[in-house]
Amino acid sequence: MNLFRRKAVDHVDHNPQTHGHSEADLRAAYERGRKEERARHKRSPFLAMGLVAVALIGGTSLVLAAKEGSFRDGGALMDAGVSTAAREAVPTLKKGAEAVQDSLSTDEPASSNQPAG
């Protein structure tokens, strides 16, 4: 059993006269293959954004751990920051929701007799 020995590969002749394909045909086929493969592997912007968010949170925790001297102290500081942000965000979100609700309830519905546009 030879796990680390290279396998023998037959020599491939890429001479256009023997294949019957011109260099331009081969190049066009290569580009078509690249485009098809790119179309198969579409990227999700939401997945990328989530990955960046996770990386930022991880980097922040490492920086805080280095600054505070331990992961426990850095995590406690991060928990305090998250709880402060949550405490301040909830009333702000409620005020915003109430403002939207008030503006929707005071708007008069459009009359069906008026032409559109």
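Just above, that's the structure.
Described in the following lines is the structure provided in the data block.

Analysis parameters
Residues numbered from 1 in each chain as written. Predicted model: local features only at pLDDT ≥ 70, side-chain atom pairs only at ≥ 80, totals over all residues. Heavy atoms only, no water. Axes fitted to C-alpha atoms, helices over the stretch in contact; angles between N-to-C directions. Helix = DSSP H or I, 4+ residues; strand = E, 2+ residues; numbered from the N terminus. Parallel < 35°, antiparallel > 145°, perpendicular 65-115°, else oblique. Left-handed = near helix turned anticlockwise from the far one by under 90°. Contact = heavy atoms within 4.5 Å. Nonpolar A, V, L, I, M, F, W, Y, C, P; charged D, E, K, R; others polar. Expected span 1.5 Å × (residues − 1). Salt bridge = Lys/Arg side-chain N within 4 Å of Asp/Glu carboxyl O. Buried < 20%, exposed > 50% of the residue type's maximum accessible area, 1.4 Å probe, protein only.

The subject of this paragraph is the packing of helix H3 (residues 45-68) against helix H4 (residues 71-106). Close contact between H3 and H4 brings their axes to 7 Å; oriented N to C, the two are set at 120 degrees. Viewed along their axes, H3 and H4 adopt a mutual orientation that is oblique. Read as a crossing pair, H3 and H4 show a hand that is right-handed. Where H3 abuts H4, its residues Ile57, Thr60, Ser61, Leu62, Leu64, Ala65 and Glu68 lie against Phe71, Asp73, Gly74, Leu77 and Met78. For the contact of H3 with H4, a count of residues per class yields seven nonpolar, three polar and two charged.

To continue, consider H3. For an α-helix, the turn length of 3.6 residues means that residues three or four places apart are oriented alike. For H3, with 24 residues, the first-to-last C-alpha span of 34 Å sits near the 34 Å given by 1.5 Å per residue. One or two residues past the end of H3 sits Gly69, with phi positive at roughly 100 degrees.

Further remarks concern the pattern of salt bridges. In the structure shown here, the tally under the stated rule is three salt bridges. Ionic pairing is found between Glu23 and Arg27, a salt bridge with its closest N-O pair at 3.9 Å. Taken together, the positions of Glu23 and Arg27, both in helix H2 (residues 23-40) and four residues apart, correspond to about one turn of that helix. A residue is classified by how much of its surface remains accessible, and Glu23, at 45% relative accessible area, is partly exposed. The partner of Arg72 in a salt bridge is Asp73, with the nearest N and O atoms 3.8 Å apart. Relative accessible area serves as the criterion here: at 32%, Asp73 is assigned to the partly exposed category.

Take the environment of Arg40 next. With respect to the secondary-structure elements, Arg40 resides in helix H2. Overall, Arg40 belongs to the exposed group, its relative accessible area being 63%.

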